[in-house]
Amino acid sequence: MIKSIPISMPQIPQNLRLLVSSPLNSSSFPLFFKPFSRPFSLLTVLASSSSFSRRHRTSSGHRLRDPSPVFTRRKWSSLEEGKSQNRKGSSTMEKDDVNNRSSRPTSSFEFNKRRAEGMDKVDKPKKNLERKVRKLNPTNTIAYVQILGTGMDTQDTSPSVLLFFDKQRFIFNAGEGLQRFCTEHKIKLSKIDHIFLSRICSETAGGLPGLLLTLASIGEEGLSVNVWGPSDLKYLVDAMRSFIPRAAMVHTRSFGPSSSFDSTPQVDPVKPGDPIVLVNDEVVKISAILLEPRCSEDSTKRPGEMSVIYVCELPEIAGKFDPKKAKALGLRPGPKYSELQSGKSVKSDFQDIMVHPCDVMGPSVPGPIVFLVDCPTESHAEELLSVNSLECYYSCPDNTTNEAKVVNCIIHLSPALVTSSPTYQNWMKKFSSAQHILAGHETKNMEFPILKASSRITARLNYLCPQFFPAPGFWSAEQVNNSTTNSNPLNKCSSSGLGESISAENLLKFTLRPYANLGLDRSCIPSQLTSSRVMDELLTEIPEIKEKTEEIKRLWNGQDNKMMIEEPWLTEITIPSCLENIRRDDMEIVLLGTGSSQPSKYRNVSAVYINLFSRGSLLLDCGEGTLGQLKRRYGLEGADEAVRNMRCIWISHIHADHHAGLARILALRRELLKGVPHEPALVVGPRSLKRFLDAYQRLEDLDMEFLDCRNTTEASWASLDGCPEKSNSGSSTEGSLFSRGSVMQSIWKRPSSPTDSSSALPYLEKLKNVLNEMGLENLISFPVVHCPQAFGVVVKAAERINSSGKQIPGWKIVYSGDSRPCPETVEASRGATVLIHEATFEDGLVEEAVAKNHSTTKEAIEVGSSAGVYRIVLTHFSQRYPKIPVIDESHMHNTCIAFDMMSINMADLHVLPKVVPYFKTLFRNEVVEEEETDDAMDAVITEAY
């Protein structure tokens, strides 16, 4: 249901009234306009005029197909979605409500009220998530294990492993970045049947929420998946229940000892060390062996400390039946042939003998065995030697059984600190014939990035404009080699009875079937990407980029007037007083993630890092993979320092692309500050986020304190300061759109859940002290129109005194979160130095923007312009725009689009829009990539979290 909410005229500026009521048709850049052309992306707007586009728009804003067959693009239309729902009897968007936008009064703006209330999912038919049964054939199958993302370039997540069969897929561990890695390397996740977790913690399961959301959205029915883990899995499920559809979790299974209140479907509990059979079908048997750390009597074990060894055994394949041998032993063709092939002995038809299967069958093909071992600490490693159920696999004198099972491959997920210990090495020596693959992410740190697509763009941007795109913080090759040499003594053990040991590499395979190819397969390992290689490609492709880089250097020093003549709109009129004599160590905005919905090849999901240097830092939103992005930006040690100094994390709303990386950041901060006097991190977010964090803290201590966004509104701060007249003012608390009695009241604050200000006062006091220590005057949350309990935020610096004793006002940053344009954002942005506003859709997709309660690029720019913002930074672009969002260049006079890893120092704000035209050189040979037609991506983008 799309609503037009009346707002009194004085409460909304004239230009915003035009924004929220006009058709918002995309206009083309005049210099490059051609008939029948599509709306230009920034890339194509700046490209040469010879570039033809693949579609155009009518005056009503609807797209028409370009007659050229070269480019194709899917049709995206919430209007079609609305018609479909109307056919099902749902209350949805009406046709004239979409098409006759220009006829509406200017005192209204559009949004999807049902989505803002969280009621949009009620209209959707329930998906059938019953598991599909596939016919399995162990004889004619390809099987292998493959390393999916070692985490070696950032060391922030546990490696994932794929066990592949023709008609089945098994994933072991789903750390952050798994989806993005698979997208980069075209590994389809649509056939996953089972996900196994070796531990239940943020390191091994940080990518699980996004993965389950994706699988639940594929196709019309969605895909189901079994999620396996120790009994602690119950806590993880509880933590995710607030934002993962329950249907996506119906097949969650846990095993091992269970607590009295654990209602998760459970495999029969056994004592630690005994094998638990989880899967046993025609192609594989997967068992789990639990490991618990040895602890002193006075120490307590948290649920997340239990780890698992997974044993994967492929069945032995019987040899080929030889009818000639059967005939020679007096058997006539018939049912007895089948009995022999099934392993039964039969009596000869013509001889007085028993014929056994071994008499007529060729040699059988052994069933390979693979171990996946996760020992996170040396205490876990000590338990390995006492696991009696593993003795039958030892290929050494310790094996007291009649026949040893041959283990072909062991993938060690344990960190180097553990695998290099004498205890662990002694255990490894018991498998002298196995191929050992050391996948622990601390074994080796790579100088070379895993996500090559985004790294290539970052490197190019760094070459063009290093001021806004600093070089990644990877270690040098010398440091990598030294780290590897010092931390991995296992390479020296090959002559002491230990099987061959190698370090894992991305996409390294160990082939299991066909058995003739048993062993390592390096054919899929991607080539290494270095910055020098990227630069060589760039200079060969665009030789004049060198000249443009020099122009930017001169521009930075205020020496280049050429562009001011060509682009007069870039001429600065005034610079805010808050930037007077600003220091470079005052504040820096780092865009860690600038995409929406789910991580993609080129853009990670939302995260904005506010670096206050020696005074600490803030994080605004924290999507999956945020920690990895910090490490790519600052290096391993620099990122650890950034996490240590993180005083407050603010979350806009409870969609996974904005908070799924939070637990990983908090867990690392706790670990880094262990034994050091410190205050818990303050997390400010919607109340539903607290349920997630409370449930998660039963797994691992997050060392945090929570404050509801509703308690950080302007009115809440007023009540803390003893200003009752301000705190009781509806307009101050919620603004005109959300004031008491308005139609939007239920979206912002439901009557059944009032704000408890008294209990929040101690945490509000703490937040005030933290802000003061960081040189900030205030952090104010304000409601926005997106989903229930969605917020934007204002961060304002305290006043400062310059060298002349003059008082300088503090800068002001506004972050919109996810939102439709609304008066609250305009009001909060009055006089802001920087507005970071979501711009999910291009101007021609207004229907989609309204249906999903997001903004178009033009709408976002108009919000900032209405409020008199000095600089506007657009972010949260739909992943349908692989590299560059579609945007109308004519509105970019004070605006810049965000890229991942873009770092904006406050001292450089005056230059920000001036670098935009240089992209026309950098991307001149590029075109907007044709979107993949993969159903999974289509569904996920359409859902848009």
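Basis of the calculations
Chains are numbered independently. Their residues run from 1 in the order of the written sequence. The predicted origin of the model limits local features to residues at a pLDDT of at least 70 and limits the giving and counting of side-chain atom pairs to 80 or more, whereas totals for whole chains, interfaces and linings rest on all residues. Computation of side-chain values: all heavy atoms of the structure, hydrogens and water removed. Strands are runs of DSSP state E lasting at least two residues, helices are runs of H or I lasting at least four, and both sets are numbered from the N terminus onward. Only protein chains enter the calculation, and the probe is 1.4 Å; a residue is then buried if its accessible area is under 20% of its type maximum, exposed if over 50%, and partly exposed in between. Contact between two residues is taken to exist if any of their heavy atoms lie within 4.5 Å; hydrogens are not considered. Calculation of accessible area relied on Shrake-Rupley with a 1.4 Å probe; when residues are assessed, cover is drawn exclusively from the protein chains displayed. Think of a nonpolar core as a cluster: buried Ala, Val, Leu, Ile, Met, Phe, Trp, Tyr and Cys residues, connected wherever their side-chain atoms sit within 4.5 Å. For two strands to pair, DSSP has to find at least two bridges joining them. Angles here are taken between N-to-C directions and fall from 0 to 180 degrees, while the axes themselves are lines fitted to C-alpha atoms, restricted in helices to the stretch in contact. Centres within 6.5 Å make a pair out of two Phe, Tyr or Trp rings, where for Trp the six-membered ring is used; the pair is then stacked when the planes are under 30 degrees apart, edge-to-face when over 60, and tilted otherwise. Only when the NZ atom of a Lys or the CZ atom of an Arg is both within 6 Å of the ring centre and within 35 degrees of the ring normal do we say a charge sits over the ring. Disulfides are defined as pairs of cysteine sulfur atoms found within 2.5 Å of each other. The salt bridge criterion pairs a side-chain nitrogen of Lys or Arg with a carboxyl oxygen of Asp or Glu, the two atoms within 4 Å. Assignment of crossover handedness uses the view with strands pointing away from the viewer, where a clockwise path from the first strand over the helix to the second indicates a right-handed crossover. Throughout, the arc means the angular range of directions from the helix axis out to the C-beta atoms. Predictor confidence is given residue by residue as pLDDT, running from a minimum of 0 to a maximum of 100.

### Considerations on the overall build of the chain
What the chain contains, in helices and strands, is 34 helices and 36 strands. Each of the 945 residues in the chain was classed as buried or not, and the buried ones make up 60%. Look at the contacts in the chain between residues 6 or more apart in sequence, and 69% of them connect residues 24 or more apart. Here the chain displays about 37200 Å² of accessible surface, and carbon together with sulfur accounts for 51% of that area.

### Here's the deal with the nonpolar core
Membership of the largest hydrophobic core comes to 100 residues, with the highest contact counts inside it found for I589 and W811. Aside from chain neighbours lying at most four places away, what touches I589 is V608, Y609, I610, I813, V834, I836, M902, S903 and I904. Of all hydrophobic cores here, the second largest spans 69 residues; its members include I171, Y609, C622 and I654.

### What to know about the sheet that holds strand β26 (residues 681-685)
In spatial order, the strands read β27-β26-β25-β24-β23-β22-β36; together these 7 strands make up an open sheet with mixed pairing. Looking at the sheet topology across the chains shown, the edges are occupied by β27 (704-708) and β36 (902-905). The sheet shows a mean angle of 20° between the axes of neighbouring strands, direction not considered. Sitting on the sheet, helix α21 (residues 626-644) touches β22 (588-593), β23 (607-611), β24 (617-622), β25 (646-650) and β36, and the angle it makes with β22 is about 130°.

### Concerning the packing of aromatic side chains
For the structure on display, the rule yields 19 aromatic pairs. On the basis of an interplanar angle of 15° and a centroid distance of 6.2 Å, the ring pair of F196 and W228 is categorised as stacked. Of the two residues, F196 sits in strand β8 (residues 192-196) while W228 sits in strand β9 (residues 226-230), which places them 32 residues apart along the sequence. On the basis of relative accessible area, W228 is assigned to the buried category, the value being 3%. Judged by centre distance (5.8 Å) and plane angle (70°), the ring pair of Y609 and Y634 falls under edge-to-face. Remark: Y634 occurs in helix α21 and Y609 occurs in strand β23; sequence separation between them is 25 residues. Using a relative accessible area of 3% as the deciding quantity, one classes Y609 as buried. The ring of Y394 is capped by K430, whose NZ or CZ atom sits 5.1 Å from the centre of that ring. In this structure, R633 packs its charged tip against the face of Y634, placed 4.4 Å from the ring centre.

### Observations concerning the state of the cysteines
Scanning the entire structure with this criterion turns up 0 disulfides. Looking at the unpaired C409, the closest cysteine sulfur is the one in C312, lying at 10.0 Å. Relative accessible area serves as the criterion here: at 0%, C409 is assigned to the buried category.

### Things to note about the environment of K405
Assignment of secondary structure puts K405 in the loop between α13 (378-384) and β17 (409-412). Of the residues examined, K405 reaches a relative accessible area of 37% and is grouped as partly exposed. Sequence-wise, K405 and P368 are 37 residues apart; in three dimensions their C-alpha atoms are separated by 9.3 Å. Ignoring sequence-local partners within four residues, the contact set of K405 consists of E313, I369, C392 and Y393.

### Some thoughts on the pattern of salt bridges
Taken as a whole and assessed by the stated rule, the structure comprises 28 salt bridges. As a salt-bridge pair, D352 and K347 come within 2.8 Å of each other at their nearest N and O atoms. A salt bridge links R670 to E671; the nearest nitrogen and oxygen atoms lie 3.3 Å apart. Given the relative accessible area of 40%, E671 is considered partly exposed. Connected through salt bridges with shared partners, the residues R670, E671, K674 and E700 form a single ionic network.

### Some remarks on the pairing of strand β12 (residues 285-291)
Buried residues dominate β12, accounting for 6 of its 7 residues. Both strand β11 (residues 275-280) and β12 contribute to a ladder of 5 bridges, which runs antiparallel. For I276, the partnering residue across the bridge sits in β12 and is A288. Sheet topology note: the β12/strand β13 (residues 307-313) ladder contains 7 bridges and is antiparallel. Its bridge partner being in β13, K285 is matched across the sheet by E313.

### Remarks on the pairing of β27
A large share of β27 lies buried, amounting to 5 of its 5 residues. Residues M704, F706 and D708 of β27 are buried on one face, and the alternating residues E705 and L707, pointing to the opposite face, are buried as well. Sheet topology note: the β26/β27 ladder contains 5 bridges and is parallel. Paired with V683 across the strands is F706, a residue of β27. Between β26 and its parallel partner β27, the chain crosses via helix α24 (residues 687-696), and the hand of that crossover is right-handed.

### Some details on helix α18 (residues 531-541)
For the α-helix, the turn length of 3.6 residues means that residues three or four positions removed from each other point alike. Those residues of α18 lying buried are V534, M535 and L538. Taken around the axis of α18, the buried residues stretch over an arc of 95°, which confines them to a single face. Contacts made by the buried residues of α18 are with α16 (452-464), α19 (545-556) and α33 (919-922).

### Focus on the sheet that holds strand β32 (residues 812-815)
With mixed pairing, the 6 strands of this open sheet are ordered in space as β28-β29-β32-β33-β34-β35. Two strands bound the open sheet, and with one partner strand each, they are β28 (776-783) and β35 (895-897). Across the sheet, the axes of successive neighbouring strands diverge by a mean angle of 15°, strand direction being ignored.

### A word on the confidence of the model for the chain
Scored by pLDDT, the chain comes out at a mean of 76, with 70% of its residues at no less than 70. Counting contacts from residues 259-263, a segment whose pLDDT is below 50, to residues more than four positions away or on other chains yields 8 contacts. In the predicted structure, residues 727-737 sits below a pLDDT of 50 and forms 31 contacts with residues beyond four places in sequence or in another chain.

### Let's talk about unusual backbone geometry
In this structure, P514 follows R513 across a cis peptide bond, with omega equal to -5°. The phi dihedral of N173 falls on the positive side, at around 75°, and the residue is not glycine. Here N173 lies in the loop between β7 (168-172) and α6 (178-184). Phi is positive for H876, close to 60°, though the residue is something other than glycine. In this fold, H876 is placed in the loop between β34 (871-875) and β35.

### Quick look at helix α32 (residues 857-866)
In terms of burial, α32 is largely enclosed, as 9 of its 10 residues are buried. Among the residues making up α32, those that are buried are T857, K858, E859, A860, I861, E862, V863, G864 and S866. Trailing α32 by a residue or two, G868 shows a phi angle of about 70°, which is positive.

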